[in-house]
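A structural walkthrough
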Amino acid sequence: MLTLSSVIAVSGVIGDSTATVIGAMIVAPLSLPILDVALGIATGRVALIGRSLLLVVAGVVIGYLFAQLPPNPTNVLANSQVTGRTSPKLMDLTAALATGSVGVIALIRRDVGDVLPGVAIAISLVPPLGVVGVCLGSHAPGMALGAFVLFASNMVAMIVTATVVLVVTGYAREAGVGEARRGRAYAVLAAALVLVAVPMVANSLSSLWADRIATATRSWLDAVPGAEVRQVTVHSDTATVEVLAPTDLPPISELQDRVNRVVPWNPRVVLVHTVGSRVDD
């Protein structure tokens with residue numbers, strides 16, 4: 001099932017097919033061993049944790065290896081299945097935390113077990129792994145790292161919330177496991193959660209600043225008929241602004257001043273100007 005779900009996921013990513021990728025999410029059995037890790041932590045069963053992590057690692061390896069096999073043209077990096085999974089935001093982490101709670105509740109309560117397919121779709125485990133392989137095959141390690149952060153955050157969030165739910169509902173007490181025995185596992189989970197949250201917070205802040213720069217650019221282009229802002233990206237101390245506009249533009253120094261007023265670290269503005277204009281009938 002891991003192999004087949006990897007085939008489906010990578011095919012959907014390369015073909016830019018949302019329906020195919022959703023199918024891979026439903027087929028993929030990765031959510032169960034991840035929930036088993038949480039059960040092992042809550043009940044102090046080290047062997048269960050080890051077996052479950054081994055299955056998760058197997059899923060990671062299979063997803064990555066298959067992604068190296070199909071033809072992988074560079075332009076695949078521009079499709080929505082890739083771009084939507086290479087820059088995870090903080091809201092992706094909060095969604096994963098909620099989804100992990102739903103998943104473990106569905107396992108411990110038989111009356112809500114029919115929500116598990118929805119959990120598989122929401123948690124999105126195999127498709128990011130396919131994107132990691134696709135990006136590495138296209139020589140884009142930065143995008144591959146972003147996709148792996150998305151997978152890692154989903155996995156860690158699912159383990160954290162599932163562990164909390166299992167402890168609160170008494171599984172640890174029934175297993176006779178004390179807090180001291182689980183303390184090391186809690187510390188590792190907390191560190192992992194912080195580790196995946198840092199880049200997601202950074203991406204969220206980058207999106208916030210990009211929105212502010214886009215607003216400043218639209219104000220700068222107010223006097224130019226048919227001009228529009230196509231895209232704004234922020235990387236470190238550089239803001240790249242892509243605009244579609246006629247030949248004549250206001251002085252770029254004015255745009256730099258506007259950006260300096262809305263972004264505290266005064267990034268250098270790089271303007272990518274596509275000559276033209278949008279005409280609506």
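Everything below is about the structure printed above this text.
Below, the structure is looked at part by part. (Residues numbered from 1 in each chain as written. Predicted model: local features only at pLDDT ≥ 70, side-chain atom pairs only at ≥ 80, totals over all residues. Heavy atoms only, no water.)

This part covers the environment of T169. One can find T169 in the loop between helix 9 (141–168) and helix 10 (171–175). Assessed through its relative accessible area of 42%, T169 is described here as partly exposed. Once the C-alpha coordinates of T169 and I108 are considered, the two residues, 61 residues apart in sequence, prove to be 9.4 Å apart. A distance of 3.2 Å separates a polar side-chain atom of T169 from the backbone oxygen of L166. (Helix = DSSP H or I, 4+ residues; strand = E, 2+ residues; numbered from the N terminus. Buried < 20%, exposed > 50% of the residue type's maximum accessible area, 1.4 Å probe, protein only. Polar contact = N/O pair within 3.5 Å; in protein donor to acceptor, adjacent residues only side chain to side chain.)

Now for the layout of surface pockets. Approximately 600 Å³ is the volume attributed to the largest pocket. In this structure, the largest pocket is lined by 20 residues; those nearest its centre are S87, K89, N203, T233 and H235. Those elements that provide at least two residues to the lining of the largest pocket are helix 9, helix 11 (179–220) and strand 1 (228–235). Along the lines of polarity and charge, the residues of the lining of the largest pocket split into six nonpolar, eleven polar and three charged. (1 Å grid on protein atoms, 1.4 Å probe; cavity = no way out; pocket = protein on both sides within 12 Å on 5 of 7 lines; lining within 4 Å. Points joined across faces, edges and corners; volume = space filled by probe spheres on them. Nonpolar A, V, L, I, M, F, W, Y, C, P; charged D, E, K, R; others polar.)

It is worth spelling out helix 1 (residues 2–14) at this point. Think of an α-helix as turning once every 3.6 residues; residues three or four places apart then point the same way. Here helix 1 contains 13 residues, and its C-alpha end-to-end distance of 18 Å stays within 8% of the 18 Å for a straight helix at 1.5 Å per residue. Backbone geometry just downstream of helix 1 places D16 in the positive-phi region, at approximately 55°. (Expected span 1.5 Å × (residues − 1).)

Here we come to the packing of helix 1 against helix 2 (residues 18–27). The relative placement of two packed helices comes down to the angle between their axes together with the axis-to-axis distance. With their axes 8 Å apart at the nearest point, helix 1 and helix 2 run at an angle of 160° to one another. One finds that helix 1 runs roughly antiparallel with respect to helix 2. Note on packing geometry: the crossing formed by helix 1 with helix 2 is left-handed. Contacts between helix 1 and helix 2 involve S5, I8, A9, G12 and V13 from the first element and T20, V21, G23, A24 and V27 from the second. Class assignment for the residues of the contact of helix 1 with helix 2 results in six nonpolar, four polar and no charged. (Axes fitted to C-alpha atoms, helices over the stretch in contact; angles between N-to-C directions. Parallel < 35°, antiparallel > 145°, perpendicular 65-115°, else oblique. Left-handed = near helix turned anticlockwise from the far one by under 90°. Contact = heavy atoms within 4.5 Å.)

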